[in-house]
Amino acid sequence: MVLMLEPLFRCNLACAGCGKIQYPAHILRKDMPLDEALRAVDECGAPMVSLAGGEPLLYGPIRELVQELANRKKYIYLCTNAILLKEKLEAGWFEPTKYLTFPVHMDGPRDDHDFSVCREGTYDKAMVGIRTAVEMGYRITTNTTLFEGADPNAIRDLFDEMMDAGVEGMTISPGYAYEAAADQANFLGRKKTSALFNMLLSNRRKRWKFNQSVLFLEFLMGKRQFDCTPWGNPTYTLFGWQKPCYLVNEGYVDTFDKLMTETEWPSYGFESGNPKCANCMVHSGYEATAVDHTFTSIRSLFATIKAMMFSRYSSESAAKALEDEKSKPHGPEAHLVQLGLDVDALKTAKKTAAREAATIA
Ligand code: SF4
């Protein structure tokens, strides 16, 4: 179980696909009091805490929070866009420890990533942050979310780049089709998700390391069927415990106990028939199922060991599909509508961001 802790919504980027930066200014200015954050951690008891937001490096008491979590022997995943990573590490904000990992958000190769976050130069800054952290002995992973229009060949190249940079492991997941999105066609349905991940993860290069359950990766490739475990990643935000999951917001409760006992869990997950869950294959819901499945029987334990030992997944049809993709158009415009913004608005945002960047330079 991983606690998703969002102690702020403020960010130093304004990504077109992000729902958090759309909160009013008085919410964006807010930091969760440290004692409240720690109370949520203790209440939940999860061994892993993912610090998200917003950009957690902008959270006022981030150093104290990390120290307190390490004292409690929690595994901390400080999710960051890495813009400030070099500066904060060189300023001595943290100490390398096995308890602290920085998952860096990388949406794709340079152009796709910069377009996605609406600011040019962000990919290069993130890479500087990653290399600095690796050199200083910190644990670095990456987090890549894929949408319709993603170029599987480019993403495979990104995997190589991340391994070259010394990243410990990569996390990949399809994006979640938020209800408010203007153009639902830009999200991957289940069939498309499986086709994309089958191309990405078949004929796998030996050097790629994923920081994920091997059975979850097989699920993404369409080789397994799982249902969601919506309570696997409980989420605590500035507003309280979010019902039911990180992705769907159906209100908040003030205690973890209420979240667990008052949520109608059977109403969520693919098999529930809930339209909000129909196309979701996101790791925050399904990886917990995959991990749990590993330990349900000798057969599934054996399947996990087999998947770890024979991880190449050779497939001629996947290789051909990957080759065919080289002649198809890809690009960021096709996959960046998330919360009611249309493609034209995104193009304008990109131009504005480029103009601002030029002015700053
Ligand atoms: S299927 Fe996805 S959206 Fe639905 S409860 Fe699970 S994680 Fe949340």
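Reading the values: rules and limits
Residues numbered from 1 in each chain as written. Predicted model: local features only at pLDDT ≥ 70, side-chain atom pairs only at ≥ 80, totals over all residues. Helix = DSSP H or I, 4+ residues; strand = E, 2+ residues; numbered from the N terminus. Buried ≥ 20, exposed ≤ 12 C-beta atoms within 10 Å, placed from the backbone. Contact = placed C-beta atoms within 7 Å. Axes fitted to C-alpha atoms, helices over the stretch in contact; angles between N-to-C directions. Parallel < 35°, antiparallel > 145°, perpendicular 65-115°, else oblique. Left-handed = near helix turned anticlockwise from the far one by under 90°. Core = buried A, V, L, I, M, F, W, Y, C linked by C-beta atoms within 7 Å. Pairing = 2+ DSSP bridges. Expected span 1.5 Å × (residues − 1). pLDDT = per-residue confidence, 0-100.

**So, the overall build of the protein**
Thought 1: Of the regular secondary structure elements, the protein holds 14 helices and 9 strands.
Thought 2: For the protein, the residues scored as buried account for 43% of the 361 residues in total.
Thought 3: Taking as baseline every contact in the protein between residues at least 6 positions apart, the subset at least 24 positions apart corresponds to 78%.

**A closer look at unusual backbone geometry**
Thought 1: Residue G53 is joined to G54 through a cis peptide bond whose omega torsion reads 10°.
Thought 2: Within the element layout of this structure, G54 appears in the loop between β2 (48-51) and α3 (62-71).
Thought 3: Put simply, K243 and P244 share a cis peptide bond, and its omega is -10°.
Thought 4: Within the secondary structure, P244 sits in strand β8 (residues 240-244).
Thought 5: One non-glycine residue, C118, lies in the positive phi region at around 60°.
Thought 6: Despite not being glycine, Y313 has its phi angle at roughly 55°, a positive value.
Thought 7: Residue placement: Y313 occurs in the loop between α12 (298-309) and α13 (316-325).

**Some words on the packing of helix α7 (residues 152-164) against helix α8 (residues 190-201)**
Thought 1: At a minimum axis separation of 9 Å, α7 and α8 run at an interaxial angle of 45°. Our classification of the angle between α7 and α8 gives oblique. Along this stretch, α7 crosses α8, giving a crossing that reads as right-handed. Within the contact between the two elements, α7 uses P152, I155 and R156 and α8 uses L196, M199 and L200.

**Remarks on the nonpolar core**
Thought 1: Residues L3, L5, L51 and Y286 are the most contacted members of the largest nonpolar core, which totals 78 residues.
Thought 2: Filtering out sequence-adjacent residues up to four positions away, Y286 remains in contact with F216, F219, F226, C228 and M281.

**Focus: the sheet that holds β8**
Thought 1: Here 9 strands make up an open sheet; going across it, the order is β6-β5-β4-β3-β2-β1-β7-β8-β9 and the pairing mixed. What marks the edges here is a single partner per strand, and that holds for β6 (169-174) and β9 (249-253). Taking the axes of each pair of neighbouring strands and ignoring which way they run, one obtains an average angle of 25° across the sheet.
Thought 2: Across 2 bridges, the pairing between strand β7 (residues 235-237) and β8 is antiparallel. Looking across to β8, one finds that Y236 is bridged to W241.
Thought 3: Relative to the sheet, α3 contacts β2, β3 (75-78) and β4 (100-105), its axis offset from that of β3 by approximately 155°.

**Description of the pairing of β8**
Looking down a regular strand, the side chains alternate between one sheet face and the other.
Thought 1: With respect to burial, β8 is a largely interior element, 4 of its 5 residues being buried.
Thought 2: With antiparallel pairing between neighbouring strands as the criterion, β7 and β8 make up a hairpin whose turn holds 2 residues.
Thought 3: Both β8 and β9 contribute to a ladder of 3 bridges, which runs antiparallel. The partner of P244 across the bridge, within β9, is N249.
Thought 4: Linkage of β8 to β9, two consecutive antiparallel strands, is achieved through a turn of 4 residues.

**Quick look at α8**
Thought 1: With 12 residues, α8 ought to run about 16 Å at 1.5 Å a step, and its terminal C-alpha atoms sit 16 Å apart, in line with that.
Thought 2: Of the residues making up α8, those classed as buried are T193, L196, F197, N198, M199, L200 and L201.
Thought 3: As for α8, its buried residues are in contact with β5 (139-146), α7, β6, α9 (214-220) and α13.
Thought 4: In the segment just after α8, N203 is the residue with positive phi, at about 50°.

**Here we look at the confidence of the model for the protein**
Detailed reading of the predicted model is not advised wherever pLDDT is low.
Thought 1: With 88% of its residues at a pLDDT of at least 70, the protein reaches an overall mean of 88.
Thought 2: Taken as a whole, residues 334-343 scores under 50 in pLDDT and shows 37 contacts with residues more than four places along the chain or in a different chain.

**Concerning the pairing of β5**
Thought 1: Within β5, 8 of the 8 residues are buried, leaving the element largely enclosed by the surrounding structure.
Thought 2: Both β5 and β6 contribute to a ladder of 6 bridges, which runs parallel. When the bridges of β6 are listed, T145 appears paired with S173.

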